[in-house]
Amino acid sequence: MAKSEESHHAQSGRYNVTQRRIGIFGGTFDPPHLGHLIVADQVRDTLNLGEVWLVVANDPWQKSGSREITPAAKRLEMLEAALDGAPGLRASDVELEEPGPSYSFDTLSMLQQRMPDVAWSLIVGRDAAVGLPTWHRADELKEMAEIIVVNRPGSSEPLPDGWKLTMVDMPALEISSTDLRHRLATGASVRYLMPDPVINLATAWGIYRPSE
Ligand code: ATP
Ligand code: MG
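Residues numbered from 1 in each chain as written. Chains lettered and ligands numbered in written order. Predicted model: local features only at pLDDT ≥ 70, side-chain atom pairs only at ≥ 80, totals over all residues. Heavy atoms only, no water.

(A) The arrangement of the environment of P71 in detail. Counting through the fold element by element, P71 comes out in the loop between β2 (51–56) and α3 (72–83). A residue is classified by how much of its surface remains accessible, and P71, at 49% relative accessible area, is partly exposed. C-alpha separation for the pair P71 and D30, spaced 41 residues apart in sequence, amounts to 9.2 Å. (Helix = DSSP H or I, 4+ residues; strand = E, 2+ residues; numbered from the N terminus. Buried < 20%, exposed > 50% of the residue type's maximum accessible area, 1.4 Å probe, protein only.)

Structure (structure tokens):
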């Protein structure tokens with residue numbers, strides 16, 4: 001094959017083969033758990049991404065008002081403890097630079113502007129993917145990046161039409177922060193559901209214990 005033909009072929013897909021690909025995996029991470037880590041690692045490995053950034057949401061608009069959220073700095077610290085320097089995975093504080101609610105559209109636009117050579121994609125669990133059409137500036141978000149969706153137990157509603165969704169299969173893990181907060185509040189065991197350093201921080205801070 002002629003050299004020019006070969007390089008044309010290499011660039012004819014959605015990605016330039018030499019382009020760095022980073023997956024953005026946003027969450028509240030209150031607290032981070034094994035499900036989050038396995039999503040990030042499986043997606044990175046399956047799609048051969050250079051990195052996955054676990055982005056801590058500042059004041060998550062979908063949740064504010066319904067319960068007290070642990071301060072972002074503590075959630076970031078727990079996430080860093082959970083990752084413990086794992087290769088290719090990174091805890092990101094990009095959404096903590098500005099106060100107020102964080103939207104995936106704004107975060108992606110900002111990162112695309114700051115690092116234009118990177119092909120950014122968004123990673124979401126299936127439950128989150130179902131709600132995509134309700135997200136801030138959904139019509140633009142839909143056009144702007146590949147969305148990677150991982151299966152999640154308990155989510156069976158149809159996925160939205162018209163989005164560029166890439167499905168990644170992983171072992172189904174019925175672990176949620178909601179359940180872990182409940183366990184920590186009632187003194188039930190969380191061992192093996194979240195990394196030991198996260199258990200130690202949450203316990204030392206007493207953040208999920210009911211306030212008297
Ligand atoms: P909460 O119960 O407070 O909503 P959560 O466990 O859903 O917490 P989030 O921080 O809300 O965690 O989720 C961040 C992202 O991780 C979302 O896209 C969510 O779908 C995904 N996710 C969380 N847990 C799992 C899991 N066990 N399997 C697959 N995806 C998951
Ligand atoms: Mg959730």
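Read on for the rest.
(B) Quick peek at the site of ligand 1. The immediate surroundings of ligand 1 are formed by 24 residues, with H33, D127, R152, S177 and T178 found nearest. T28 places a polar main-chain atom, nitrogen or oxygen, 3.0 Å from an oxygen atom of ligand 1. H36 places a polar side-chain atom, nitrogen or oxygen, 2.9 Å from an oxygen atom of ligand 1. Protein chains bury 91% of the 600 Å² of accessible surface belonging to ligand 1 in isolation. If you list the elements that add at least two residues to the shell around ligand 1, you get β1 (20–27), α2 (34–47), β4 (118–125), α5 (126–130) and α7 (177–186). Residue classes in the shell around ligand 1 are distributed as nine nonpolar, 11 polar and four charged. (Near = heavy atom within 4 Å. Polar contact = N/O pair within 3.5 Å; in protein donor to acceptor, adjacent residues only side chain to side chain. Areas by Shrake-Rupley, 256 points an atom, 1.4 Å probe, with all protein chains shown as cover. Nonpolar A, V, L, I, M, F, W, Y, C, P; charged D, E, K, R; others polar.)

(C) Region of the structure containing the sheet that holds β4. As summarised here, the arrangement of the six strands in space is β3-β2-β1-β4-β5-β6, forming an open sheet in which the pairing is parallel. Edge strands, defined here as strands with exactly one partner in the open sheet, are β3 (89–92) and β6 (165–168). Averaged over all adjacent pairs, the angle separating strand axes in this sheet is 30°, with direction ignored. Pairing geometry for β4 and strand β5 (residues 146–150), over five bridges, is parallel. Among the inter-strand pairings, L122 is bridged to a residue of β5, identified as I147. Each of β2 and β3 is contacted by α3, which is oriented at about 170° to β3, the strand it contacts most. Against the sheet, helix α4 (residues 104–114) contacts β1, β2 and β4, and its axis sits at roughly 160° relative to β4. (Pairing = 2+ DSSP bridges. Axes fitted to C-alpha atoms, helices over the stretch in contact; angles between N-to-C directions. Contact = heavy atoms within 4.5 Å.)

(D) Quick peek at the nonpolar core. If you look at the biggest cluster of nonpolar residues, it comprises 34 residues, and the most contacted ones within it are F25, V43, V52 and L54. Among the elements of the structure, α2, β2, α3, β3, β5, α7 and α8 (196–205) are those that each provide at least two residues to this core. No other element matches the six residues that α3 contributes to this core. Residue contacts for V52: discarding those within four places in its chain leaves G23, F25, A40, R44, G88, L89, R90 and I123. By size, the runner-up hydrophobic cluster in this structure holds 22 residues, among which are I22, L108, A129 and L132. (Core = buried A, V, L, I, M, F, W, Y, C linked by side-chain atoms within 4.5 Å.)

From the geometry alone we can't say anything about function, so treat these as descriptive.
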